[in-house]
Amino acid sequence: LTQDSPIFVTGGAGFIGSHFVLDWFAEIGTPLVNLDKLTYAGNLRNLQPIADRSGYHFVRGDIQDRTLVDRLLKEFEPRAIVHLAAESHVDRSLMGPEDFLNTNVHGTFTLLEAARAYYDKLDVEDRTKFRFLHVSTDEVYGSLKSGDAPFEETFPFRPNSPYAASKAASDMLVRAWVKSYGLPAVVTNCSNNYGPLQFPEKLLPLVLNRAIHGEPLPIYGDGMQVRDWLYVGDHAAALRVALEKGVPGQTYNIGGWNEQANIDTVKILCALLDEFLPDSPHRPHAQLMKFVTDRPGHDRRYAINATKAERELGWRPKETFATGLRKTVRWYLDNQTWVEEVTSGAYRDWMETNYGAR
Ligand code: NAD
């Protein structure tokens, strides 16, 4: 294995995955294989800027397909696996947890087993170079009360949603594969991401999309749930650095030191829309806010202590919430066709035509 050997990415057509892949070709440019099932959340259009780059390979498939994963590892001989593929939406996990167990737990297990078999066949020198980077969430740590110290890597897992439980299970499998089999894996647990290309079921694009069309903006419960936001480009950069500098067996919390109550986030978005859309009939957009029944088991507060990543990886976020949100709102306003495509089914039709039925 060399620094020019490919990296093997899962879930590279998703929100964070596509930012990771774009960042990779902008900053590193060595070959990259992207294995993605293209669920509703996977969108190949996000990757159009690099789709024809030499060294980029897309494979449509499921991480639970051991035969396929084995074949790809054998064919491409990657120096690393960067595992982002997941079912990622908490509300969907409440309505139908099974897909979350299948992809997040069984899928991660399948990948770990394939990685172990691949790793075991490497020679001693190559083993020192190989890495498995497992991308996870701060939701595994559960919920904080106001005044509690932010999550540190040593905090116990206390997941509250089926999504968080499935991710916690996958993190624990990775830990066990490090301890039991010596697989050189690094885990990152990141706070809530926002930015361009996010599927409009998540809070920020959902609010923007509805506000632009003058539709009510649902605020769960009292809106005082606190989230710690990180611009997605900063997360992509953190993963790139964690892959190069992360120590096998270690976990790194990734976050932007940016706690916000949901209701305040929505108010900031509305104010930005007021500014960017001076002629909108829906101004002031904040009048569209509507309180709705809270999500069951809704975590009250997440906050990340990212000191270890900053100290040991030398990573720091570039965007503040103010700069990142301006970029994000601008992007959604300038890319309304993208939003319409992913919400209207036109994108799905395009995908079926190009890649066949799911
Ligand atoms: P996403 O839902 O936007 O994308 C997930 C991608 O995985 C999609 O492209 C989908 O097609 C693919 N996928 C799903 N099941 C698959 C399977 N069985 N086989 C192959 N591909 C499959 O998710 P995201 O928001 O980009 O999150 C990526 C990763 O980062 C996840 O592991 C998530 O838990 C983690 N994470 C997300 C956030 C966040 O705020 N979005 C924060 C921290 C960590």
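Reading guide: rules and limits
- Residues numbered from 1 in each chain as written.
- Predicted model: local features only at pLDDT ≥ 70, side-chain atom pairs only at ≥ 80, totals over all residues.
- Helix = DSSP H or I, 4+ residues; strand = E, 2+ residues; numbered from the N terminus.
- Rg over C-alpha atoms; globule rule 2.2 N^0.38 Å.
- Buried ≥ 20, exposed ≤ 12 C-beta atoms within 10 Å, placed from the backbone.
- Contact = placed C-beta atoms within 7 Å.
- Pairing = 2+ DSSP bridges.
- Axes fitted to C-alpha atoms, helices over the stretch in contact; angles between N-to-C directions.
- Core = buried A, V, L, I, M, F, W, Y, C linked by C-beta atoms within 7 Å.
- UniProt positions renumbered as here; feature names shortened; annotations may be inferred.
- Expected span 1.5 Å × (residues − 1).
- Near = placed C-beta within 6 Å.
- Nonpolar A, V, L, I, M, F, W, Y, C, P; charged D, E, K, R; others polar.

1. Points about the overall build of the protein chain
- The helix and strand tally for the protein chain stands at 13 helices and twelve strands.
- For 358 residues, the compact-globule estimate of 2.2 N^0.38 gives 21 Å, and the protein chain sits close to it at 20 Å.
- Dimensions of the protein chain, computed from the C-alpha atoms along their principal axes, are close to 65 × 50 × 35 Å.
- Taken over 358 residues, the protein chain has a buried fraction of 46%.
- Considering only intrachain contacts with a sequence separation of at least 6, the fraction spanning at least 24 residues in the protein chain is 83%.

2. Concerning the sheet that holds strand S7 (residues 192–194)
- If you walk across this open sheet you meet the three strands as S7-S9-S11, and the pairing is mixed. With one partner strand each, in any of the chains shown, S7 and strand S11 (259–261) form the two edges of the open sheet. If you compare each strand with its neighbour and ignore which way they point, the axes differ by 50 degrees on average.
- Relative to strand S9 (residues 226–231), S7 is paired through three bridges, and the arrangement is parallel. Bridging from a neighbouring strand, Asn192 pairs with Trp229 of S9.

3. A short note on the nonpolar core
- Val82, Leu133 and Leu269 are the most contacted members of the largest nonpolar core, which has 91 residues in total.
- Tallying contributions element by element places helix H6 (residues 162–181) first for this core, with nine residues.
- Residues in contact with Leu269, not counting those within four places in the same chain, are Leu204, Val207, Leu208, Ala211 and Val329.

4. Here's the deal with the UniProt feature "domain: NAD(P)-binding" (unreviewed entry) in the protein chain
- Summarizing the sequence annotation, UniProt attributes the feature "domain: NAD(P)-binding" (unreviewed entry) to residues 8–328 in the numbering used throughout.
- Here residues 8–328 is 42% helix and 17% strand, with 28 Å between the C-alpha atoms at its ends.

5. Things to note about helix H1 (residues 15–27)
- For H1, with 13 residues, the first-to-last C-alpha span of 18 Å sits near the 18 Å given by 1.5 Å per residue.
- Among the residues of H1, Phe15, Ile16, Gly17, Ser18, His19, Phe20, Val21 and Trp24 are the ones counted as buried.
- The first or second residue beyond H1 is Gly29, which carries a positive phi of 85 degrees.

6. Remarks on the site of the ligand
- Close to the ligand lie 31 residues; Gly11, Gly14, Ala41, Gly42 and Ala86 are nearest.
- Breaking the shell around the ligand down by element, the ones donating at least two residues are H1, helix H4 (98–121), strand S5 (131–137) and S7.
- Residues of the shell around the ligand, tallied by class, amount to twelve nonpolar, 14 polar and five charged.

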